[in-house]
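Observations on chain architecture
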Amino acid sequence: MNERVRIEVGFDGGQVMGALVSVGTADDLERALGGNSDGALPLEAEDGRYTISLRRVVYVKRFSREARVGFTPA
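Residues numbered from 1 in each chain as written. Predicted model: local features only at pLDDT ≥ 70, side-chain atom pairs only at ≥ 80, totals over all residues. Heavy atoms only, no water.

Each helix and strand counted, the chain has one helix and five strands in total. Along the chain, helices (α) and strands (β) appear in the sequence β-β-α-β-β-β when read from the amino end. For the chain, the share of sequence-separated contacts (at least 6 apart) that also reach a separation of at least 24 residues comes to 45%. (Helix = DSSP H or I, 4+ residues; strand = E, 2+ residues; numbered from the N terminus. Contact = heavy atoms within 4.5 Å.)

This part is about the pattern of salt bridges. Scanning the entire structure with this criterion turns up five salt bridges. D28 is the salt-bridge partner of R31, the closest N and O atoms lying 2.5 Å from each other. A residue pair is termed a helical-turn pair when its members lie 3 or 4 positions apart in one helix, as R31 and D28 do in helix α1 (residues 23-34) at three residues. Note that E30 and R62 form a salt bridge whose closest N and O atoms lie 3.1 Å from each other. With E30 in helix α1 and R62 in strand β5 (residues 57-62), the pair connects residues that are 32 residues apart, well separated along the chain. The exposure class of E30 is partly exposed, given its relative accessible area of 39%. One connected set of salt bridges, linked through shared partners, spans D27, E30 and R62. (Salt bridge = Lys/Arg side-chain N within 4 Å of Asp/Glu carboxyl O. Buried < 20%, exposed > 50% of the residue type's maximum accessible area, 1.4 Å probe, protein only.)

With that settled, consider the pairing of strand β2 (residues 16-22). Summarising burial for β2: five of the seven residues are buried, a large majority. Here strand β1 (residues 4-11) runs beside β2; their pairing, made up of seven bridges, is antiparallel. Residue pairing in the sheet places V5 in a bridge with V21 of β2. If you look at the hairpin formed by β1 and β2, you'll find four residues sitting between the two strands, and G13 has a positive phi there, around 100°. (Pairing = 2+ DSSP bridges.)

Taken together, the side chains of V16, V58 and Y59 make up a nonpolar region of the molecular surface, amounting to roughly 270 Å² of accessible area. For V58, the position within the fold is in strand β5. (Patch = residues over 30% accessible without salt bridge, like charges linked within 9 Å, V, L, I, M, F, W, Y side chains within 5 Å. Areas by Shrake-Rupley, 256 points an atom, 1.4 Å probe, with all protein chains shown as cover.)

So, in structure tokens, the structure goes:
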């Protein structure tokens, strides 16, 4: 199963983007930011591909998996 998690990325200047990405992609973003990289990171999201300029990122919020709205199978 390819589990997905919702993330929110805040950039300097106040822009915010949200995306539904794989857990591995969210982990890659956190690792890249923790490594003090100034490059860019491509993110494969449910609605398309984003390329993030790492030096412009102010914060990343990773939503908990329990925060889903809707129905789940019994």
